[in-house]
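# Structure at a glance
Residue-level listing of the chains:
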Amino acid sequence: MKTWTHIEELGFYPELVTRSLRRALGGKELLALLLQLDAGFDHGSLFRHLNVVAVSTGSLVQLHVDELEDGGATVASAIHPLRAIRGMSYMEQVTSPERQGGAVTEITIAVNLGSARRGDVETLQCEDPECVADHGFTISSIPDDLTIRVSAAADGLDALAQAEEFVDVLSALMDSTHG
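Residues numbered from 1 in each chain as written. Predicted model: local features only at pLDDT ≥ 70, side-chain atom pairs only at ≥ 80, totals over all residues. Heavy atoms only, no water.

## Points about the overall build of the protein chain
Quick reminder of the rule: Per the convention used, a helix needs a DSSP run of H or I reaching at least four residues, while a strand needs a run of E reaching at least two, with both numbered from the N terminus. Our radius of gyration looks at C-alpha atoms and nothing else; its globule reference is 2.2 Å times the residue count to the power 0.38. To sort residues, take the accessible area from a 1.4 Å probe on protein chains only and compare it with the maximum for the residue type: under 20% means buried, over 50% means exposed, and anything in between is partly exposed. What sets the accessible areas is the Shrake-Rupley method with a 1.4 Å probe; for residues, cover comes only from the shown protein chains. Charge assignment in this entry is limited to Lys and Arg as positive and Asp and Glu as negative, and neither His nor the chain termini are counted. Lys charges are placed at NZ, Arg charges at CZ, Asp charges at CG and Glu charges at CD.
Across its full length, the protein chain holds four helices and nine strands. In the protein chain, the order of α-helices and β-strands from amino to carboxyl end is α-α-β-β-β-β-β-β-β-β-β-α-α. Against the globule reference of 16 Å for 179 residues, the protein chain gives a C-alpha radius of gyration of 20 Å, more extended than a compact globule. Across its three principal directions, the C-alpha atoms of the protein chain cover 65 × 50 × 35 Å. Across the 179 residues that make up the protein chain, the buried fraction comes to 33%. By element, 49% of the accessible surface of the protein chain is carried by carbon and sulfur atoms, the whole surface being about 10,900 Å². Of note, the protein chain has its 12 positive side-chain charges centred 11 Å away from the centre of its 27 negative side-chain charges.

## Details of the packing of helix α1 (residues 3-10) against helix α2 (residues 14-25)
Keep this limit in mind: Where helices are involved, their axes are fitted lines through C-alpha atoms of the stretch in contact, as for all axes, and angles between N-to-C directions lie from 0 to 180°. Here roughly perpendicular refers to angles of 65 to 115 degrees, roughly parallel to angles under 35, roughly antiparallel to angles over 145, and oblique to all remaining angles. Here a crossing is called left-handed whenever its near helix is offset anticlockwise from the far helix by less than a right angle, and right-handed whenever the offset is clockwise. For this analysis, residues touch if any pair of their heavy atoms sits within 4.5 Å. Each residue is assigned to one class: nonpolar for Ala, Val, Leu, Ile, Met, Phe, Trp, Tyr, Cys and Pro, charged for Asp, Glu, Lys and Arg, and polar for all the others, Gly among them.
Remark: α1 packs on α2, axes separated minimally by 8 Å, with the N-to-C direction vectors making an angle of 150 degrees. Here α1 lies roughly antiparallel to α2, going by the angle between them. Relative to α2, the crossing made by α1 is right-handed. Where α1 abuts α2, its residues W4, I7 and E8 lie against P14, V17, T18, L21, R22 and L25. Split into classes, the residues belonging to the contact of α1 with α2 amount to six nonpolar, one polar and two charged.

## Regarding the nonpolar core
Note on soluble globular proteins: their nonpolar side chains tend to be buried together. Where we set the bar: The criterion is simple. A nonpolar core is a set of buried Ala, Val, Leu, Ile, Met, Phe, Trp, Tyr and Cys residues joined through side-chain atoms within 4.5 Å.
Membership of the largest hydrophobic core comes to 25 residues, with the highest contact counts inside it found for V55, L60, I85, I109, V111, F166 and L170. Counting only elements with at least two residues in this core, the list comes to β1 (32-42), β2 (45-55), β6 (103-112), β9 (146-151) and α4 (157-178). Sorting elements by how many residues they give to this core places α4 first, with nine residues. The contact partners of F166, leaving out residues within four places of it in the chain, are A32, L33, L34, V53, V55, L60 and I109. In this structure, L25, L50, V61 and V65 belong to the second largest nonpolar core, which totals 16 residues.

## Considerations on the pairing of β6
To keep things clear, this is the line we draw: In short, DSSP must find at least two bridges between two strands for them to pair.
Within β6, seven of the 10 residues are buried, which leaves it mostly tucked inside the rest of the structure. By the bridge criterion, nine bridges tie strand β5 (residues 87-95) to β6 in an arrangement that is antiparallel. Along β6, the bridge assignment pairs G87 with N112. Here six bridges tie β6 to β9, and the two strands are oriented antiparallel to one another. Within β9, the position partnered with I107 by the bridge is V150.

## What to know about the sheet that holds β9
Read from one edge of the open sheet, three strands run β5-β6-β9, paired in antiparallel fashion. The open sheet has two edge strands, β5 and β9, and neither has a second partner. Averaged over all adjacent pairs, the angle separating strand axes in this sheet is 10 degrees, with direction ignored.

## Structural notes on the pattern of salt bridges
Convention followed: Here, a salt bridge means any side-chain nitrogen of Lys or Arg that lies within 4 Å of a carboxyl oxygen of Asp or Glu.
Evaluated as defined, the whole model comprises two salt bridges. Among the ionic pairs, E106 bridges to R149, the shortest N-O distance being 2.9 Å. Within this pair, whereas E106 is found in strand β6, its partner R149 is found in strand β9, the two being separated by 43 residues in sequence. The buried category is assigned to E106, whose relative accessible area is 15%. You can call R149 partly exposed: its relative accessible area is 43%.

Here you go:
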């Protein structure tokens, strides 16, 4: 597995990302890695930022690296013990499912870290288009801690393979730490 090489190949402050990730891992072995480089606009300027999600035998590490206007960078780190993860879900999009199960073209991974939730409020309505009664509301509370989408078209086949490997590794580790 060439997890550390992926950081170098991405080329976004690789020394800074490597140093920060090694520190956050606390000497534990890096088992799986997801990298998502993105760009944003702020006050007419283009800035890049990198999300890093890594798994070791005992923790899930998140790094967020922002490029600053003055040429500097910031790194925000979060370390979550695997035993604190409440769950993981993933959705795969496949082409030609009738042929050997199909090829995965996109995967969305959601990890419930138990620290944030998103609430959706919707107005309840009845079937009668003439009805003016107040039917109340429905509220959904959804874990919203970590969600990453990786697609072959946007991110490439290597990134998609990394995402699948990430799911495999985290799933196996969660089973051993929660079972």
